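Residues per chain, in single letters:
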Amino acid sequence: MKKQTKLSGSLMTVALITVILLMIPFVAMQFTSEVDWSVADFLIMGALVFGTGLTYVLINRFAPNWVYRIAIIVALGATFLMIWANMAVGLIGSGPNAGNIMYAVIALAVVIGILVSRLRSSAMERTMYAVVSALILLTGIALVSGMNQYPGSSSAEIVSVGAFFAALFFLAGRLFHAAKSPGLAQSAS
């Protein structure tokens, strides 16, 4: 019963944080025309924020140690940031195009990898490294196929974005590797 109460409290916290974050653009819309969100924008961002928070709360319940928790935060944070930036402005050029769809596939691969790994540190580590490899491949495909010619895109931007996200997922992979350390299992809280 105590675990269920704790879970309910965590879900309420995630919901409250979601509402607070959505209040930022809502309030900004009252003072400037630069921020112009539709109802769909609020629903999509609300689902993204709440879904990310909910995922963390659920996975955190099975975290064997603090390093694993940090790895989850990095992996979920990178995935959230990738989805958000891709939806907001696009990561290659702007708007829907083949490059930005490839980034959506990367985010889907992270979700599938988390589900298939069954939250085991070693499998989560491999998932993160597979995502890094996919990001490197995506960057190469984008450059070879000329996506750097898209309006609002350049080779440097494509490489920088790919390297940024690859570094975050690589860090998450290293943290999942460190989370397997036997000495850390004793410090699990």
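Reading the values: the criteria
Residues numbered from 1 in each chain as written. Predicted model: local features only at pLDDT ≥ 70, side-chain atom pairs only at ≥ 80, totals over all residues. Heavy atoms only, no water. pLDDT = per-residue confidence, 0-100. Helix = DSSP H or I, 4+ residues; strand = E, 2+ residues; numbered from the N terminus. Contact = heavy atoms within 4.5 Å. Core = buried A, V, L, I, M, F, W, Y, C linked by side-chain atoms within 4.5 Å. Buried < 20%, exposed > 50% of the residue type's maximum accessible area, 1.4 Å probe, protein only. Polar contact = N/O pair within 3.5 Å; in protein donor to acceptor, adjacent residues only side chain to side chain. Patch = residues over 30% accessible without salt bridge, like charges linked within 9 Å, V, L, I, M, F, W, Y side chains within 5 Å. Areas by Shrake-Rupley, 256 points an atom, 1.4 Å probe, with all protein chains shown as cover. Salt bridge = Lys/Arg side-chain N within 4 Å of Asp/Glu carboxyl O. Expected span 1.5 Å × (residues − 1). Arc of directions from axis to C-beta.

A. Broad picture of the confidence of the model for the protein. Averaged over all residues, the pLDDT of the protein equals 86, while 93% of them reach at least 70. Per-residue pLDDT, averaged within each element of the protein, yields its smallest value for helix H7 (residues 182–185) (55) and its largest for helix H6 (residues 155–179) (93). Scored below 50 in pLDDT, residues 185–189 makes six contacts in the model with residues more than four places away or belonging to other chains.

B. Spotlight on the nonpolar core. With 36 residues, the main nonpolar core has Tyr68, Met82, Tyr103, Leu135, Phe169 and Phe176 as its most contacted residues. Broken down by element, the residue count for this core peaks at 10 residues, all from helix H3 (residues 66–88). Membership of the second largest hydrophobic core comes to five residues, among which are Leu22, Phe42, Leu48 and Val49.

C. Highlighting the side chain of Thr18. For Thr18, the location among the structural elements is in helix H1 (residues 2–31). For Thr18, a relative accessible area of 7% corresponds to the buried category. Of note is the side chain of Thr18, whose polar atom sits 2.8 Å from the backbone oxygen of Val14. Once you skip the residues sitting within four places of it in the chain, Thr18 turns out to touch Gly46, Val49 and Phe50.

D. Geometry of the environment of Tyr68. When you line up the elements, Tyr68 lands in helix H3. Along the backbone, Tyr68 and Lys180 are 112 residues apart, and their C-alpha atoms lie at a distance of 8.4 Å. Beyond its immediate sequence surroundings of up to four residues, Tyr68 is in contact with Ile59, Ala63, Leu119, Ser121, Met124, Phe176 and Ala179.

E. Representation of a nonpolar patch on the surface within the structure. Taken together, the side chains of Val19, Met23, Phe26, Val27 and Phe31 present a nonpolar region at the surface, about 500 Å² in accessible area. Mapped onto the fold, Val27 is located in helix H1. Owing to a relative accessible area of 37%, Val27 belongs among the partly exposed residues under this scheme.

F. Quick peek at helix H4 (residues 98–117). Between its first and last C-alpha atoms H4 spans 28 Å; for 20 residues at 1.5 Å apiece the expected length is 28 Å, and the two agree. Those residues of H4 that fall on the buried side of the exposure criterion are Gly99, Asn100, Met102, Tyr103, Ile106, Ala107, Val110, Gly113, Ile114 and Ser117. Buried residues in H4, looked at end-on, bunch into an arc of 155°, giving them a common side. Of the residues in H4, the exposed ones pointing more than 90 degrees away from the buried face are Ile101, Leu115 and Val116. Residues of H4 that are buried in the fold lie against helix H2 (39–60), H3, helix H5 (121–144) and H6.

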